[in-house]
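Listed below, chain by chain, are the residues.
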Amino acid sequence: MKKIWFIPVLVGLIVGAAYMGSADGPTDTIIIGADFALSNFGASWGENNLRGAELAVKEINMRGGVLGRPLELKVQDNNSSAAGAVSAARHLLDVDRAQYLLTGWTGEVEAVLPLIDQQKVVTVTVSAGTKDIAAKSEYLFRTWPQDFFAVQQLVKYAKAKKYTRIAILRSSADWEVSLSNSFIEDAQSQGLYIVHSDQFQLGTSADIRSNVQKLKEVNADAIFLPVSDPDVARTVKQIRELGITTPILYPVDISVSSAKDLPPALLTNIIYAVAKPPTANFVTAFKAAYGTSPGVSADTAYDAVYAIAYAIENAGTTSPEIVKSHFVDFDGASGRIVFTKTGDRGQVDILLYNLEDKSLVTVH
Amino acid sequence: MEYLVHLGVLFSIFAILALSLQLVVGYTGLLSVTHAAFYGIGAYTTALLITNLGVNFFVALLAGVVITAFVSLLVGFVLSKFRGDYYALGSLGFNVIVFSIFLNWQSLTRGPLGIPGIDRPDILGFQFSENILFLALALIFLALAYGLSEWVTTSSFGRVLKAIREDEEAVSVFGYRTLFFKLAIFVFSAGVAAVAGALYASYITFIDPSSFTINESIFVLAIIILGGLGSLRGAVIGALVLILLPEALRFVGFPSDIAAQMRQVIYGLILVGLMLYRPQGLVGEYKL
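Thresholds, definitions, all that
Along each chain, numbering runs from 1 in the same order as the chain's sequence is written. Ligands are numbered from 1 and chains lettered from A, in the order in which they are written. For this predicted model, a pLDDT threshold of at least 70 governs which residues receive local features, and a threshold of 80 or more governs which side-chain atom pairs are given and counted, while totals over whole chains, interfaces and linings are taken from all residues. As a rule here, side-chain values come from all non-hydrogen atoms in the structure, and water together with hydrogens is ignored. Whether two residues touch is decided by their heavy atoms; if any such pair falls within 4.5 Å, the residues are in contact. Here the quantity called buried area is the total loss of accessible area, with a 1.4 Å probe, experienced by two parts when brought into contact, counted for both. Here a salt bridge means any side-chain nitrogen of Lys or Arg lying within 4 Å of a carboxyl oxygen belonging to Asp or Glu. A 3.5 Å cut-off defines polar contacts: any pair of N or O atoms within that distance qualifies, except that in protein one atom must be a possible hydrogen donor and the other a possible acceptor, and neighbouring residues in sequence count only when both atoms are side-chain atoms. Helix and strand definitions here come from DSSP, where helices need a minimum of 4 consecutive H or I residues and strands a minimum of 2 consecutive E residues; each element is numbered from the N-terminal end. Following DSSP output, two strands are said to pair if at least two bridges run between them. The axes used here are C-alpha line fits, helices contributing only the stretch in contact, and every angle between their N-to-C directions lies in the interval 0 to 180 degrees. Remark: nonpolar core denotes a set of buried residues (Ala, Val, Leu, Ile, Met, Phe, Trp, Tyr, Cys) joined through side-chain atoms within 4.5 Å. Using a 1.4 Å probe on the protein chains alone, a residue whose accessible area is under 20% of its type maximum counts as buried, one over 50% counts as exposed, and one in between counts as partly exposed.

Peer 1: What exactly am I supposed to notice about the interface of chain B and chain A here?
Peer 2: By a frequent convention, interface size equals the accessible area lost on bringing the separate parts together. Across the boundary between the two partners, chain B contributes 41 residues, which contact 47 residues of chain A. Interface area, chain B with chain A, both sides summed: about 3,700 Å², of which 65% is carbon and sulfur. Considering only the surface of chain B that becomes buried against chain A, B:Leu113, B:Arg250 and B:Phe251 emerge as the three largest contributors, covering 16% of it. Summed over the shared surface of chain B and chain A, the result is one salt bridge. B:Glu2 serves as the salt-bridge partner of A:Arg90, at 3.5 Å between the closest nitrogen and oxygen. One can count six residue pairs in polar contact (both at pLDDT 80 or more) joining chain B with chain A. Of all the elements in the fold, those that place two or more residues in the side of chain B that touches chain A are helix H1 (2–27), helix H4 (84–104), helix H8 (178–204), helix H10 (232–248) and helix H11 (259–277) of chain B. Considering each element in turn, the side of chain B that touches chain A owes the most residues, eight residues, to H10(B).

Set out below in structure tokens:
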């Protein structure tokens, strides 16, 4: 048994640390647990989320906290996986003693749903785009505008420009599929044709030229491109390098993605949808804190912390049963946040921009 | 304590999976890198039957085992044409195919959107909704898997498997039909992996293709190599170490902006260190 001496030590360490964490007495701090993808393919989103949430916590604490109590952000990586999201949430709730949770993409939310219902944890998702996901639990709220809003506007634009033959190239994660399905449904209802739909595996395919070649052959009027960061940069690069000049319709703010670092010649004819650019105050504060512009979903993570803080203040207590009924509408970093009865973010005005000169595109 | 119970459930599921792979790799010497596919078929069959047809978990689990066993029979037959490294490559190819089916057959599997809302098991009105009860159920399945594997490996059948591992041609010379033995253990092993998949689907209550990639197959292979090839105890110990180690690192107080990366670096370094310290695995008796 000498060779496996460390196993009882390992088990003992975890049991001891978990017990000590959960056995701490009541604390004055209000703990928010961040269950984010900080490693694996979703890491770029997770890092944005983390920075946005940390900034909000810092600001709120500088103003005296919530109900006179400081906020604390406890962070656990979910490795961009469903099982990882459950492990991270379990750790946050049972060991870190988080009273509220922040989560990311749809798959992560779906995995922790039973847990938040069972333990009655008020949770805000900062980047899940699937339609009606907030309705799945009375404890679940969302600051990310559902994908459908952006899709509607892009379809409207395509129709106005008479782009009737649309091709779709997407990567293969839940967000991209959700967007793609919404786009197909709305485009077909508006009389547009999806002439080609193709996908590649997120984060693993360095070369997608075979997909792009097929895209070239269909000669579509426009390309809908639900591909998340950082894959979007090389996707756009490979599309343009193969001589495809077709307009690209992108469903979120591409100007803050890694694509912004591509040569300007490759960034022509790209129209992107954005709920509203992050407010100037938020951008300034973010730059001051991190020395860089906020990435996608940093603003919605920032708003999620404020949404929880306002709900607690409005409720006058931290009790989740009461707090969940006291979420209030407010002007956030990502624009006006209006919560529906199901805790979803209500209708959001989507603006379209041309990436080349960041000019506003009007849709009639 | 819910956190510890959660780790206990994950350990039980991966220990079952590791035991099943141990039979093929550690006892028979077939370097299979496709176990996540069988684990996935078990998980998806169970999830689809529960969510679409309202089938009881235990019936769905049984169906998962039968379907996985059938698929593994076909795959095993094809793989039996290969030896050594080619066997590993062929098995890896099968994992890629199954993953692609999970990802692309959206009308059935919902692709990357996954299958949510998978019910927890219940038997005669008794529900395993509490995690502690689920842990008890998972441990019962682990004990069954261990007992069955022990029975197989200590039987005369198991001795033939070990002989195949050492020298397949010599075994053939003695008149044994090695194809039958290799197929039988491959199918049995896949069935056990399907049980782990069913438990996983029902425990997490949500599955998507990302849980059944080649990375998962390699992870299970790493469990049995670290624990020790040719040892059932090694498979269980390997699962314990590889499930608990990354969780233990959550307690190290790294700054939040580098914590995830540091955990992975340290996890990797510890694994390298362990293999240097015990190249034959912690309690292994056979080297690849």
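Peer 1: When you look at the sheet that holds strand E13 (residues 351–354) of chain A in this model, what are you seeing that I'm missing?
Peer 2: One key point about sheets: their strands pair by backbone hydrogen bonds, in either a parallel or an antiparallel sense. Residue and element names in this part refer to chain A. Strand order in the open sheet made by the seven strands is E7-E6-E8-E9-E10-E13-E14, with mixed pairing throughout. Taken across any chain shown, the strands that pair with only one partner, and hence form the sheet edges, are strand E7 (193–200) and strand E14 (359–361). Pairs of neighbouring strands in the sheet enclose a mean axial angle of 30°, with direction left out of account. One ladder, built from three bridges, connects strand E6 (residues 165–171) with strand E8 (residues 222–224); its direction is parallel. Pairing of isoleucine 166 across the sheet is with alanine 222, part of E8. Relative to the sheet, helix H7 (residues 209–218) contacts E6, E7 and E8, its axis offset from that of E7 by approximately 170°.

Peer 1: Is there a simple way to explain the sheet that holds strand E2 (residues 71–77) of chain A in this structure?
Peer 2: Residues and elements named next belong to chain A. Taken in spatial order, the five strands line up as E2-E1-E3-E4-E5 in an open sheet, and their pairing is parallel. The sheet is open, and its two borders are formed by E2 and strand E5 (140–142), each paired with just one other strand. Pairwise comparison of adjacent strand axes, ignoring direction, gives a mean angle of 25° for this sheet. Note: strand E3 (residues 100–103) against strand E4 (residues 122–125), four bridges, orientation parallel. The residue bridging leucine 102 from the neighbouring strand is valine 124, located in E4. Along the sheet face, helix H2 (residues 43–62) touches strand E1 (30–36), E2 and E3 and points at about 165° away from the line of E2.

Peer 1: Explain the nonpolar core to me, please; I cannot follow it from the model alone.
Peer 2: Counting 92 residues, the largest nonpolar core has B:Leu199 and B:Ile207 as the members making the most contacts within it. By residue number, the principal contributor to this core is H1(B), which donates 16 residues. Those residues in contact with B:Ile207 that lie beyond four places of it in its chain are B:Ala43, B:Tyr44, B:Ala47, B:Gly114, B:Ile115, B:Ile118, B:Tyr200, B:Ala201 and B:Phe212. A:Trp105, A:Ile168, A:Ala220 and A:Leu267 belong to the second largest nonpolar core, which has 58 residues in total.

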